[in-house]
Amino acid sequence: MSRAGDVRSVWLRPRRTSRGEPPLTLTRIVEAAVALLDEEGIERLTMRRLAERLAVVAPSLYWHVDTKDDVIDLAVDAIFGEAPPGAGTAAHWRESVTAVLTTWRAALLRHPWAAAVPARQRPTIGPNFLAQMEALQATLVAAGFTGKGLSAATWALYNHVMGSASTESALRITDEERRLGQAQLKADSDCYPTLAAHGYLYDDDWDGSFTTGLEYLLDGLEAQLGRTG
């Protein structure tokens, strides 16, 4: 059970300051962490390996961060910093939302390890991520969404882009597995007639599915605005 004084998020704990602070900077740590995660994945990230990459001893890292989770949170926020918040400045709110989510997805796909991380049980409240959410919600507010409708619209769009990026990043299937799997579906077409008929295991048009799904969501949101005036 969490205690009232527990603060797990690196963004909510006060930074240590002292004239004796070592020359290793938080910026260097984050840059090295992103590079290590890009090359080897989240499973290989340890404080020791990160320290080796920076050519320092591991205790030097603890001046800036308390745990590996802190490093991951900082690295994820750096990823969101690659997508400029100004992407949501198109003339129409739908175009603006599309621009924001498309840049999010592109940043996540450049760093496949990052897509599933924000779903963990720690708040995603770094400044770069918050700037992206501000751009998204400000666009929705300007379009006319308020209250629970604003919250629902925000998270429907967020879940669409995060789900799309995480699925594309995580799925590993060979051509032979596709062939054998689809053949199995056809053999069992009495149980799975739709999947067998529509090439379920060959459905990997990630860009097309993301774009079309987003259009469906925006159509629904626009219709909802029309119903509520």
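On a predicted model such as this, the values are computed, not experimentally measured, just so you know.

Calculation notes
Every chain's residues receive numbers from 1 upward, in the order its sequence appears when written. In view of the model being predicted, local features appear only for residues whose pLDDT reaches at least 70, and side-chain atom pairs are presented and counted only at 80 or more, with totals across whole chains, interfaces and linings using the full set of residues. In computing side-chain values, all of the structure's heavy atoms are included and hydrogens and water are not. UniProt positions are given in the numbering used here, feature names are shortened, and annotations may be inferred rather than shown by experiment. Helix numbering and strand numbering both begin at the N terminus, where a helix is a DSSP run of H or I of at least 4 residues and a strand a DSSP run of E of at least 2. In this scheme Phe, Tyr and Trp rings, the latter by its six-membered ring, pair at centre separations within 6.5 Å, and the angle between planes marks the pair as stacked below 30 degrees, edge-to-face above 60, and tilted otherwise. Here the term buried applies to any residue with accessible area under 20% of the maximum for its type, exposed to any over 50%, and partly exposed to those in between, with areas from a 1.4 Å probe on protein chains only. A pairing counts as a salt bridge when a side-chain nitrogen of Lys or Arg comes within 4 Å of a carboxyl oxygen of Asp or Glu.

1. Regarding the UniProt feature "DNA-binding region" (unreviewed entry) in the protein
No. 1: UniProt marks residues 46-65 with the feature "DNA-binding region" (unreviewed entry), using the numbering shown here.
No. 2: In residues 46-65, the share of helix is 40% and the share of strand is 0%. The end C-alpha atoms are 13 Å apart.

2. Focus: the packing of aromatic side chains
No. 1: In total, this model carries seven aromatic pairs according to the counting rule given.
No. 2: Plain terms: the ring middles of Trp-93 and Phe-145 are 5.8 Å apart, the flat faces sit at 75 degrees to each other, and that makes the pair edge-to-face. In this pair, Trp-93 sits in helix H4 (residues 93-110) while Phe-145 sits in the loop between helix H5 (127-143) and helix H6 (147-170), placing the two residues 52 residues apart along the sequence.
No. 3: Residue classification places Phe-145 among the buried positions, given a relative accessible area of 5%.
No. 4: Aromatic rings pair up to connect Phe-80, Trp-104, Phe-129, Trp-155 and Tyr-158 into one cluster.

3. Focus: the pattern of salt bridges
No. 1: Tallied over the entire structure, the rule returns 12 salt bridges.
No. 2: A salt bridge links Glu-222 to Arg-94; the nearest nitrogen and oxygen atoms lie 2.8 Å apart. Of the two residues, Glu-222 sits in helix H9 (residues 206-228) while Arg-94 sits in helix H4, which places them 128 residues apart along the sequence.
No. 3: Residue Arg-94 is classed as buried on the basis of its relative accessible area of 13%.
No. 4: In this structure, the salt-bridge partner of Arg-178 is Asp-204, at a minimum N-O distance of 3.2 Å. With Arg-178 in helix H7 (residues 175-187) and Asp-204 in the loop between helix H8 (193-197) and H9, the pair connects residues that are 26 residues apart, well separated along the chain.
No. 5: By relative accessible area, which is 12% here, Arg-178 ends up buried.

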